[in-house]
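# Commentary on secondary and tertiary structure
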Amino acid sequence: MAVLDPALLDGLIARKEAELAERQPRSIAFAERARRALAGGVACSWHMLDPHTMYGSRGAGSHVVDLDGNDFVDLHCGFGVMVAGHANPKVVEAVRRRVGEGTHFALPVEDTVEVAEHLAERFGLPSWRFMNSGSEATSDAVRIARATTGRDLIVRVEGCYHGSPDGLDFSGWPDVAAAGPRERPAPVPQTVGIPALFGEALRMVSMNDLAAVQRIFAEEGDRVAGMIFEPIPLNMGVVAPVDGYHEAVRELTRRHGAMLIYDEVKTGATIAYGGAIERFGVMPDLICLAKAIGGGLPIGAVGGTEDAMAIVADGTMEQEGTFNGNPLSMAAAKATLTEVLTKDVYERFEELNRSMLAAVDDARSRSGLPLRAETFGARGGLQFSDEPLRDFRDRDAVEGRLVYLEYLFQMTGGVFEPNGDPWTLSVAHDRDDVGRWESNLVAFADALSA
Ligand SMILES: Cc1ncc(COP(=O)(O)O)c(C=O)c1O
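Fair warning: this is a prediction, and the values are worked out from it, not measured in the lab.

### Considerations on the site of the ligand
- The environment of the ligand is formed by S133, G134, S135, Y161, H162, G163, E230, N235, D263, V265, K266 and K291.
- Within the contact set of the ligand, an oxygen atom lies 2.9 Å away from a backbone nitrogen or oxygen of G134.
- Coverage of the ligand by the protein chains reaches 86% of its 390 Å² of free accessible surface.

### Description of the nonpolar core
- The biggest cluster of nonpolar side chains holds 94 residues, and the ones touching the most others in it are W128 and F229.
- For this core, the element with the highest residue contribution is helix 16 (residues 400-412), accounting for eight residues.

### Observations regarding the packing of aromatic side chains
- Enumeration according to the criterion identifies 15 aromatic pairs in this entry.
- Where F123 meets W128, the ring centres are 6.2 Å apart and the plane angle is 50°; that geometry is what we call tilted. An identical accessibility class is assigned to F123 and W128; each is buried.
- Taking the centre distance of 5.7 Å and the plane angle of 90° together, the rings of F229 and Y245 count as edge-to-face. In this pair, F229 sits in strand 7 (residues 224-229) while Y245 sits in helix 10 (residues 245-255), placing the two residues 16 residues apart along the sequence.
- Three or more aromatic residues joined by ring pairs form one cluster here, namely W46, F79, Y161 and W173.
- Over the ring of Y273 we find R122, and its NZ or CZ is 3.8 Å from the ring centre.

### Quick look at the sheet that holds strand 5 (residues 153-158)
- Taking strand neighbours across the sheet as the criterion, the seven strands line up as 4-10-9-8-7-5-6 in an open arrangement whose pairing is mixed. Two strands close off the open sheet at either side, each with one partner strand: strand 4 (127-131) and strand 6 (202-206). Shown here is a sheet whose adjacent strand axes are inclined to one another by a mean of 20°, direction ignored.
- Pairing of strand 4 with strand 10 (residues 300-304), which is carried by five bridges, proceeds in the antiparallel orientation. Residue pairing for strand 10: R129 is matched across the bridge by V302.
- The sheet strands contacting helix 10 are strand 5, strand 7 and strand 8 (259-263), and the helix crosses strand 7 at an angle near 165°.

### Some words on the pairing of strand 3 (residues 71-74)
- Bridge count between strand 2 (residues 63-66) and strand 3: three bridges; the pairing is antiparallel. Within the sheet, the bridge partner assigned to V65 lies in strand 3 and is D71.
- Hairpin remark: strand 2 followed by strand 3, antiparallel, with four residues in the connecting loop; positive phi at G69, about 90°.
- Here strand 3 pairs with strand 13 (residues 415-416) via two bridges, running parallel. Paired with V73 across the two strands is V415, which belongs to strand 13.

### Details of the sheet that holds strand 12 (residues 379-383)
- Reading across the sheet, the three strands line up as 11-12-14 and stay open at both edges, with antiparallel pairing between neighbours. Looking at strand neighbours, the two that pair on one side only are strand 11 (372-376) and strand 14 (423-424), the edges of this open sheet.
- Two elements, strand 12 and strand 14, share two bridges in a ladder whose sense is antiparallel. Bridge pairing links G380 to W423 in strand 14.
- Contacting strand 11, strand 12 and strand 14, helix 14 (residues 345-367) crosses the sheet at an angle of about 175° to strand 11.

### A few points about the side chain of E158
- Assignment of secondary structure puts E158 in strand 5.
- Apart from residues lying up to four places away in sequence, E158 is in contact with S171, P174, A179, P185, M204, V205, S206, M236, F392 and R393.

### What about unusual backbone geometry?
- Cis rather than trans, the peptide bond between D50 and P51 has omega equal to 0°.
- With respect to the helices and strands, the residue P51 is situated in the loop between helix 2 (25-37) and strand 1 (56-60).
- Although it is not a glycine, F79 sits at a positive phi angle of roughly 60°.
- Here F79 is to be found in helix 3 (residues 77-80).

Calculation criteria
Per chain, residue numbering runs from 1 following the sequence as it is written. Two thresholds apply to this predicted model, a pLDDT of at least 70 for residue-level local features and 80 or more for giving and counting side-chain atom pairs, whereas whole-chain, interface and lining totals are computed over all residues. To get the side-chain values, take all heavy atoms of the structure and skip hydrogens and water. We define proximity as follows: a residue is near a molecule or strand when any one of its heavy atoms falls within 4 Å of that partner. Here a polar contact is taken to be a pair of N or O atoms separated by no more than 3.5 Å, where protein atoms must pair a possible hydrogen donor with a possible acceptor and residues adjacent in sequence count only if both atoms sit in side chains. Each accessible area value is a Shrake-Rupley result obtained with a 1.4 Å probe; residue values ignore everything except the protein chains displayed when judging cover. We call a set of buried residues a nonpolar core when its members are Ala, Val, Leu, Ile, Met, Phe, Trp, Tyr or Cys and they connect through side-chain atoms within 4.5 Å of each other. Residue burial is assigned from relative accessible area. The probe radius is 1.4 Å, only protein chains are included, and a residue is buried under 20% of its type maximum, exposed over 50%, and partly exposed in between. Numbering of helices and strands starts at the N terminus; helices are DSSP runs of H or I of at least 4 residues and strands are runs of E of at least 2. Geometry of aromatic contacts follows a simple scheme: Phe, Tyr and Trp rings, the Trp one being its six-membered ring, pair when their centres are within 6.5 Å, and the pair is stacked under 30 degrees between planes, edge-to-face over 60, tilted otherwise. Put simply, a charge is over a ring when the Lys NZ or the Arg CZ is close to the ring centre, within 6 Å, and near the line of the ring normal, within 35 degrees. Two strands form a pair only when DSSP identifies at least two bridges running between them. Axis definition: a line fit to C-alpha positions, over the contact stretch in the case of helices; interaxial angles, taken between N-to-C directions, run 0 to 180 degrees. Every residue pair with non-hydrogen atoms within 4.5 Å of one another is taken to be in contact.

Quick look at the structure:
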């Protein structure tokens, strides 16, 4: 198929939106009640889904059930959190036990230390602190870099997302007209309400543009506190770093006395047992974790070298939070990390990936669509392109309605996946689960070639 027929695309989208609405009448009606007490009817802006907000009810293993009772294979996994699977018996048992023993003391408990010891072994970084979300982890990591170096500037990659802190919430998915040239992107606030002033402490680069990182360090290296990025960006689709990128960034940051911060909130314990650190064999100064390590309870973690964490360990820099190291989250994290996300599960993810990649090949040859996929462990994503995407700008050029139509085919075919974001596998997913996704993908491709 050389050129996409816009009328065909519009017609298919309208048909699939109507089909989904027919299956979710209770969600659609419930949204009216929800909007009266809950701003916009949701707890987080990202819960406002197209074509209508859907409300959840329960989950078990690899499946979730919505308010209407529809059963979905869950490839959304709660923004990449539920790699342990829903209601995993090991996590349920750990949480049940902890609830009965009290859930909050403003004191570290034994589990707090045991989770830190486990993370130290798993990621090769000796010193840890906990918080409750990925946003708090990135915010604390950047503060550590600034406190330790006495410098203000942070190098940040366009199209990576580091959560909601005002000082970082720039250029996650910016309007490229506002961001300017790819070689020198300007920081664009992610939403209204973020003072542009915060952007003055950021220096933006495009992913995989080493020349831009070199230029910034050459021009202002003595003002840079650190560089933060997702070691495999999973917020611009799935974008693989080019060969040598990690090593070169490590060398540059070290040479200029700046800290290298891996935001492994999405990749940590999902793409490999030891995340990107294991995958690339490059050691950052600091790593941010959250999402999957908590098995479904709120958590964030920052780990670092002895040098990087010294300013926290000796009390010079305050790292705070009422619920930091909450015993319930720690119990869930200990069970998740030591009993569920064990070394053996990562090979199973790769087996399922091979099957999904074969379906992508099939869909491409049936439809002639530019279509490929990138997968890393439990995470993967489609790319509507013949060539691997290199950065956010490559992704931005993709026909968004095509992405949306694929999402609608999955939703109406009983697979809950994020609209355009990477999918997540859990330890509970099996061949039948991914088989449902594969049939929907092929049906999508066939509809476009009709
Ligand atoms: C790479 C990355 N860092 C940080 C965050 C923020 O995490 P949280 O939503 O738990 O605050 C996210 C959230 O999606 C993320 O993808």
